[in-house]
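# Report on the structure
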Amino acid sequence: MGCCSWSAWFHLGFSRAPLFLTMIIVLTYFVYCLTGYCETMPSPIAGSSPHQQQAAGEPGRARSGKPVQYQSALPALSTGQGQAVTAAANISVFNSFGTQKFPQAVIIGVKKGGTRALLEFLRIHPDVRAVGAEPHFFDRNYERGLNWYRNLMPRTLEGQITMEKTPSYFVTKEAPKRIFSMSKETKLIVVVRNPVTRAISDYTQTLSKNPGVPNFQMLTFKNMSTGLIDTSWSAIRIGIYAKHLENWLQYFPLSKILFVSGERLVTDPAGEMGRVQDFLGLKRVITDKHFYFNETKGFPCLKKPEGSSRPRCLGKSKGRTHPKIDVDVVLRLKDFYRPFNLKFYQMTGHDFGWE
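The rules behind each value
Residues numbered from 1 in each chain as written. Predicted model: local features only at pLDDT ≥ 70, side-chain atom pairs only at ≥ 80, totals over all residues. Heavy atoms only, no water. Helix = DSSP H or I, 4+ residues; strand = E, 2+ residues; numbered from the N terminus. Buried < 20%, exposed > 50% of the residue type's maximum accessible area, 1.4 Å probe, protein only. Areas by Shrake-Rupley, 256 points an atom, 1.4 Å probe, with all protein chains shown as cover. Expected span 1.5 Å × (residues − 1). Contact = heavy atoms within 4.5 Å. Polar contact = N/O pair within 3.5 Å; in protein donor to acceptor, adjacent residues only side chain to side chain. Phe/Tyr/Trp six-rings, centres within 6.5 Å; stacked < 30°, edge-to-face > 60°. Pairing = 2+ DSSP bridges. Axes fitted to C-alpha atoms, helices over the stretch in contact; angles between N-to-C directions. Core = buried A, V, L, I, M, F, W, Y, C linked by side-chain atoms within 4.5 Å. pLDDT = per-residue confidence, 0-100.

Moving on to the overall build of the protein chain. The helix and strand inventory of the protein chain stands at 14 helices and 13 strands. The buried share of the protein chain, taken over its 355 residues, is 42%. With the model as given, the accessible surface of the protein chain reaches about 19200 Å², and the carbon-plus-sulfur share is 58%.

In structure tokens:
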């Protein structure tokens with residue numbers, strides 16, 4: 001009887017051996033990954049299509065509405081540098097050691113000034129991780145709380161900086177105080193552009209979405225005969241930069257704010273990006289070799305990185321052809337903005353050459 005019982009247990013244990021072996025393998029795999037060795041796996045992004053690479057370059061949202069983190073875009077570097085940067089980027093994707101932090105730098109404005117171009121250029125840098133979509137936390141979603149905001153941020157490793165851009169912050173009265181409350185050390189970037197050209201570009205975007213809007217002249221003036229400008233129209237109001245800057249200087253010194261020329265971002269992107277990298281305390285990785293001028297679009301595009309089949313340009317919504325505006329309307333707008341521009345030059349210590 002004892003012999004039969006021992007034999008039954010032996011056969012039962014033998015039949016379960018494959019199950020036990022499988023469990024041991026699975027547990028070994030988990031231990032292997034938790035110790036960090038899984039991070040050496042090759043990135044699935046390498047060798048992907050340009051569409052996939054573009055998606056991989058910017059954090060977005062899954063269908064569930066939750067933030068999704070992706071690998072940042074990599075610059076076209078030498079073979080040795082490229083391998084080192086790729087390895088670092090792979091770690092940020094696959095491991096769980098990166099942390100979500102509040103942004104150390106925020107692009108706060110201005111709308112239609114060139115903020116999207118600036119963010120896309122910055123994303124080339126291996127030490128910059130940025131949110132792709134505009135969070136609108138400090139103007140529209142503040143009631144959701146800082147934890148909600150931080151959870152939108154991509155994970156970063158030591159030495160990397162977190163960034164976001166929401167151009168409407170610059171003209172939001174509450175934004176300076178709210179950002180200061182988050183961190184008084186936050187670096188702010190403002191991309192500015194000739195306010196007349198900016199207003200026309202703003203109107204062009206509106207017109208593309210709603211072809212039935214009144215013409216530019218009707219929206220610009222309260223009374224055309226008297227030439228009274230309607231500053232309640234956002235396209236006009238945004239361009240009064242000096243007025244908005246006064247609000248920010250109540251909380252942040254000029255040393256914490258960098259003013260980027262939207263015009264120079266087009267004519268000399270490498271030079272302007274050099275200023276931006278210096279301001280952020282980054283090594284000057286983004287240089288002339290990363291840009292070429294697209295004659296069709298009328299602004300610079302990024303040269304294709306290694307492994308990509310074509311250059312990266314901004315989307316179709318960028319570089320729209322502006323409607324023809326009456327010369328007299330343009331001249332009146334220039335006269336209107338002139339005193340505000342001169343005050344802005346004085347406040348920033350920089351002449352942007354719009355006069």
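In this model, helix α8 (residues 195–209) (15 residues) spans 21 Å end to end at C-alpha, consistent with the 21 Å of a helix rising 1.5 Å per residue. Of the residues making up α8, those classed as buried are Pro195, Val196, Arg198, Ala199, Ile200, Ser201, Asp202, Tyr203, Thr204 and Gln205. Buried residues along α8 sit in contact with α9 (216–220), α10 (234–237), α11 (241–248) and α14 (327–348). The backbone nitrogen of Val196 lies 2.9 Å from a side-chain oxygen of the residue at the head of α8, namely Asn194.

Take the packing of aromatic side chains next. Considering all chains together, one arrives at 25 aromatic pairs under this definition. Ring geometry for Phe137 against Tyr149: centres 4.4 Å apart, planes inclined by 10 degrees, an arrangement best described as stacked. With Phe137 in the loop between β5 (128–130) and α6 (146–150) and Tyr149 in helix α6, the pair connects residues that are 12 residues apart, well separated along the chain. Exposure class is identical for Phe137 and Tyr149. Each is buried. Relative to Tyr169, the ring of Phe138 lies with its centre 5.5 Å away and its plane at 75 degrees, an arrangement referred to as edge-to-face. Of the two residues, Phe138 is situated in the loop between β5 and α6 and Tyr169 in the loop between β7 (161–165) and α7 (175–182); the sequence distance between them amounts to 31 residues.

So, about the sheet that holds β5. Spatially, β5-β7-β4-β8-β11 is the arrangement adopted by the five strands of the open sheet, whose pairing is parallel. Where the open sheet ends on each side, the last strands, each with one partner, are β5 and β11 (257–261). Sheet twist, expressed as the mean angle between neighbouring strand axes with direction ignored, is 25 degrees. The pairing of strand β8 (residues 187–192) with β11 spans five bridges and is parallel. Paired with Leu188 across the bridge in β11 is Ile257.

Right, let's get into the pairing of strand β13 (residues 299–302). Sheet topology places strand β12 (residues 291–294) next to β13; four bridges connect them, and they run antiparallel. What sits directly across from Asn294, in β13, is Phe299. Between β12 and β13, which follow one another and run antiparallel, lie four residues, and Gly298 among them has a positive phi close to 85 degrees.

It is worth spelling out the side chain of Asn194 at this point. Along the chain, the position of Asn194 falls in the loop between β8 and α8. Here Asn194 falls in the buried class, since its relative accessible area comes to 14%. Once you skip the residues sitting within four places of it in the chain, Asn194 turns out to touch Tyr241, Glu263 and Trp354.

The next subject is the nonpolar core. Membership of the largest hydrophobic core comes to 30 residues, with the highest contact counts inside it found for Ile108, Tyr169, Ile179, Trp248 and Phe344. Among the elements of the structure, β4 (105–109), α7, β8, α11, β11 and α14 are those that each provide at least two residues to this core. Ranked by the residues each element gives to this core, the list is headed by α11, at four residues. Aside from chain neighbours lying at most four places away, what touches Ile108 is Thr166, Pro167, Ser168, Tyr169, Phe170, Ile179, Leu188, Ile189, Val190 and Trp248.

On to the confidence of the model for the protein chain. Across the protein chain, the average pLDDT comes to 80, with 68% of residues at or above 70. Across residues 1–14, confidence stays below pLDDT 50; counting only partners more than four residues off in sequence or on other chains, it has zero contacts.

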